Amino acid sequence: MRTRTQPNIIMTGTPGVGKTTHCETLAQNTGLKHLSINDVVKERGCHDGFDEEFKSWIVDEDKLLDSIEDEVKQGGYIIDWHACDLFPKSWIDLVVVLRVDSTLLYDRLKARDYPEAKLQENLDSEIMEVLLQEARDSYDEEIIVELTSNTSDDMESNIERIETWIGHWKTNNAEGAQ
Ligand code: DAT
């Protein structure tokens, strides 16, 4: 079994919550690699076509997991995706669930020109805490952290907190985690 000396983090939450923005800054500051699942799905063809109504790819999860397994098992990845229950528990050290006020989310998704049905589905998902529940159903409570992403101050403190966590993880797993 391969051991990892750098942690793997899932950055999840409803689309528009701030996953990519957080991941890019964290990757820059820490050297961990930003793994945008959206890009992987598109670039490596891990899908069964495009859903025109929702303007999104229909993900082939088995193909996706096969495609990223060798990389992710080495450690040092920040996985950026609006779902988290598909990644095996053994791959993951921390699950960050970003949250945002629904009025702010509405504005962010409107600015993206989301179709009405997709916008409404995502707003409902945020209000119903779907991603937080999915994380709780899939991973141990101790590795899940829920962070607010309303403002740039929020983002700054989130980044600081995650960087501190990464530092502790590295100290505690200097020999490598399995
Ligand atoms: P996601 O990757 O979750 O879809 P994103 O990182 O692309 O979200 O962010 C969507 C938009 O919202 C983008 O214009 C940046 C802005 N944004 C994200 N997080 C924010 C925050 N904490 N404060 C202010 N703006 C934020």
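Residues numbered from 1 in each chain as written. Predicted model: local features only at pLDDT ≥ 70, side-chain atom pairs only at ≥ 80, totals over all residues. Heavy atoms only, no water.

A. Local environment of the overall build of the protein. Each helix and strand in the protein was counted, giving 7 helices and 7 strands. Along its sequence from the N terminus, the protein presents helices and strands in the succession β-α-β-α-β-β-α-β-β-α-α-α-β-α. Taken against the 2.2 N^0.38 rule, which gives 16 Å for 178 residues, the C-alpha radius of gyration of the protein at 16 Å falls within 12% of a compact globule. With the principal axes as the frame, the protein shows a C-alpha extent of 50 × 40 × 30 Å. Across the 178 residues of the protein, 44% fall into the buried class. Contacts in the protein between residues at least 24 apart in sequence constitute 75% of all its contacts with a sequence separation of at least 6. Put simply, the protein shows about 9400 Å² of open surface, and 44% of that area lies on carbon and sulfur atoms. (Helix = DSSP H or I, 4+ residues; strand = E, 2+ residues; numbered from the N terminus. Rg over C-alpha atoms; globule rule 2.2 N^0.38 Å. Buried < 20%, exposed > 50% of the residue type's maximum accessible area, 1.4 Å probe, protein only. Contact = heavy atoms within 4.5 Å. Areas by Shrake-Rupley, 256 points an atom, 1.4 Å probe, with all protein chains shown as cover.)

B. How the structure looks around the pattern of salt bridges. All told, the structure shown has 10 salt bridges when counted by the stated rule. A salt bridge links Glu 146 to Arg 99; its shortest N-O distance comes to 3.0 Å. A residue pair is termed long-range when its members are at least 10 positions apart, and Glu 146 in strand 7 (residues 144-148) and Arg 99 in strand 6 (residues 94-99) qualify at 47 residues. Relative accessible area serves as the criterion here: at 38%, Glu 146 is assigned to the partly exposed category. With a relative accessible area of 13%, Arg 99 lands in the buried category. Taken together, the shared-partner salt bridges in this structure form one network comprising Arg 99, Glu 126, Glu 129 and Glu 146. (Salt bridge = Lys/Arg side-chain N within 4 Å of Asp/Glu carboxyl O.)

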